[in-house]
Structures are given as structure tokens and as C-alpha cells.
Amino acid sequence: MSWYEAKEYFTKNDIAIVPAGSNEQHGLANPLGTDHLIAKSIAEEAAKRTRVLCLQVIPFGVSPHHKQFWGTIFISPKTFKQYVRETCLSLSYYGVRKIVVVNGHGGNLAALADLARELREEGIFMSVFQWWPAAVNLLPDLFTAEERRHAGAEETSVNLALHPNLVNLSKTRNAHIRKHRLQQEGITLPLCTVDETISGVFGKQSTASAEKGKKVLEAVTNELVRHVELLKKAKMDDLVQKPKV
Ligand SMILES: [Zn+2]
């Protein structure tokens, strides 16, 4: 898009999609870029189907809990939130009032939820879409809970469907989650991923397939499209209520 094409878009539309993810370990079989690559693909496909603008993906996220694994880029929640905030404010400068963040990494969610409430005060309605809770809801029987964890069969399947050349299936692991010696109900410990799984994989990974990944992608993309279409039509007054006597 040139600036002139952007002007055309922003004159007629008040909605945009912003994909965000992380660059962090996903076991030995999956690429570090898993979370941002999946977010980018789902966001771009939904943007195409709804004719809504999709920004470039924000690749680095809040991943300090994976830092012991080489190649993980760990941004603080504060910096991540500020970066997404200024991205959203840039869009709002051109008239965007509704923003759908397609988030590919659970570690980003707390910062994004915090930001969304702040932006509401500034007249911007930001929603956050995450594909994996949507998938549990839409396809409850496709994977077990064990296969749905970080770098498990579900995430690996989506990688296989999108970019099989980046997945090394000979390196899949079915990890036994270790319990920390001090772990007990009511105690919070400063645990990182490596304390629970030395390969970086939580749960079962070896049952991944491109076929299952395609099913997930189709279901969650349809769900995102539904959300974007609803938001597109909604008026700001319908999205943000005021108290009445
Ligand atoms: Zn992931």
C-alpha cells in the first residue's frame, strides 16, 4: 500500500487488524517464530476475506519464561504494551477506532488486556483474538488437553499446515511435565518453562498432522472473520455502554 492507497482506506474505514506474536522456543521440532507466523497467517487470511486492513506482524513478545532456551527474544510487558499502544495510536491518528489484535502468544495477553482498557478511555475499542481458545471451543474433540499445550500436537499441526518446511517431525517429543520439589497448592514459585520441561515441549507433540492443522486454521479463521464483521458494523456507542438510572 502506498500512502495514497492508505488515505483511501482510512477515509472509508475505521477498523484495522494488528497481528502480534513472539519469537520463542517451541521444542526441537518447531521454529522459534511459531507464534508470530501463525498470528500473521490467520490475520492476513481474515483481512483478505473481510477487506479490512492488516498491519505487519509484531514479531517479538513477552517471553521471559522461555529465555533459558537459545534464540528466545524476551521483551518486558511494559515495553511490549507501549509499542503496541503507539502502533494503535498511529492508526487512530488516521481515524481508526476499532482494532482487532490477533495475538499468537499467551504471554502477551495480560499486557494487551491492560492496554485495551486504557485505549477504551481514549475512544479506541481494541479486542484481542487468540486462536487456541477458539479452537478448543470449535473443535473440542480434535486434540486432547495434553496435545493442546505449548508446542504440543495442535500448535505443531498448524505449523505443518502453514509451513511444513519449518517443522522437523523427526525431533518431536512427548514431554513428561516435571513437578518442582517445592510445588504445592497455595504456593507461587518463580518457575520458568525449563523447570517443568527440559525439551521446551509441554505435553504430547508426536500426533501432529497437517490435516488436523488445516481443520484448526479453517475453523479459527472463520471465527475471526465473524468477529471482524460484527465489529465492522458496530457503532462505538453500542460497544461502550454508559450507566443509566
Ligand atoms: Zn506458541
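Residues numbered from 1 in each chain as written. Predicted model: local features only at pLDDT ≥ 70, side-chain atom pairs only at ≥ 80, totals over all residues. Heavy atoms only, no water.

Caption draft 1: Expanded view of the packing of helix 6 (residues 153–162) against helix 8 (residues 210–233). It is the contact of helix 6 with helix 8, at a shortest axis distance of 7 Å, that shows an interaxial angle of 90 degrees. Here helix 8 runs roughly perpendicular to helix 6, going by the angle between their axes. For the pair helix 6 and helix 8, contact is made by Glu154, Ser157, Val158, Leu160, Ala161 and Leu162 and by Ala210, Lys212, Gly213, Lys214, Val216 and Leu217, respectively. Here the residues of the contact of helix 6 with helix 8 sort into 7 nonpolar, 2 polar and 3 charged. (Axes fitted to C-alpha atoms, helices over the stretch in contact; angles between N-to-C directions. Helix = DSSP H or I, 4+ residues; strand = E, 2+ residues; numbered from the N terminus. Parallel < 35°, antiparallel > 145°, perpendicular 65-115°, else oblique. Contact = heavy atoms within 4.5 Å. Nonpolar A, V, L, I, M, F, W, Y, C, P; charged D, E, K, R; others polar.)

Caption draft 2: Region of the structure containing the coordination of the zinc ion. Binding of the zinc ion to the protein goes through His26 (NE2), Asp35 (OD) and Glu155 (OE), at separations of 1.9 to 2.0 Å. One chain supplies every donor for the zinc ion, spaced along it as H-x8-D-x119-E. Note on accessibility: His26 and Asp35 belong to one class, buried. (Donors = N, O, S within 2.8 Å, 3.2 Å for Na, K, Ca; no water. Buried < 20%, exposed > 50% of the residue type's maximum accessible area, 1.4 Å probe, protein only.)

Caption draft 3: Representation of the layout of surface pockets in the model. In this structure, the largest pocket occupies an estimated 300 Å³ of space. If you go around the largest pocket, you meet 20 residues; those closest to its centre are Trp132, Arg148, Arg149, His150 and Glu155. Secondary structure elements with two or more residues in the lining of the largest pocket: helix 5 (131–138), helix 6 and helix 7 (193–196). If you add up the space inside the second largest pocket, you get close to 150 Å³. Looking at the second largest pocket, the residues that line it are Met1, Ser2, Ala6, Lys7, Phe10, Thr11, Leu53 and Tyr94. Take the lining of the second largest pocket: its biggest share by element is 4 residues, from helix 1 (residues 3–12). Of the residues that constitute the lining of the second largest pocket, the class distribution is 5 nonpolar, 2 polar and 1 charged. (1 Å grid on protein atoms, 1.4 Å probe; cavity = no way out; pocket = protein on both sides within 12 Å on 5 of 7 lines; lining within 4 Å. Points joined across faces, edges and corners; volume = space filled by probe spheres on them.)

Caption draft 4: Geometry of the nonpolar core. Counting residues in each nonpolar core, the largest one holds 53 residues, and the members touching the most others are Leu91, Ile99 and Met126. Among the elements that take part in this core, helix 8 stands out by supplying 7 residues, more than any other. Setting aside its immediate chain neighbours within four residues, Ile99 contacts Ala16, Val18, Cys88, Leu91, Ile124, Phe125, Met126 and Ser127. (Core = buried A, V, L, I, M, F, W, Y, C linked by side-chain atoms within 4.5 Å.)

Caption draft 5: Examining the packing of aromatic side chains more closely. On inspection of all chains with the given rule, the structure shows 5 aromatic pairs. Ring centres 5.6 Å apart and planes at 80 degrees place the aromatic pair Tyr9 and Phe10 in the edge-to-face group. Residue Tyr9 shares its accessibility class with Phe10, and that shared class is buried. Ring geometry for Phe10 and Tyr94: centres 5.6 Å apart, planes at 25 degrees, overall stacked. In this pair, Phe10 sits in helix 1 while Tyr94 sits in the loop between helix 3 (77–93) and strand 3 (98–103), placing the two residues 84 residues apart along the sequence. Judged by its relative accessible area of 16%, Phe10 falls in the buried class. Taken together, Tyr9, Phe10, Tyr93 and Tyr94 form an aromatic cluster joined through their ring pairs. (Phe/Tyr/Trp six-rings, centres within 6.5 Å; stacked < 30°, edge-to-face > 60°.)

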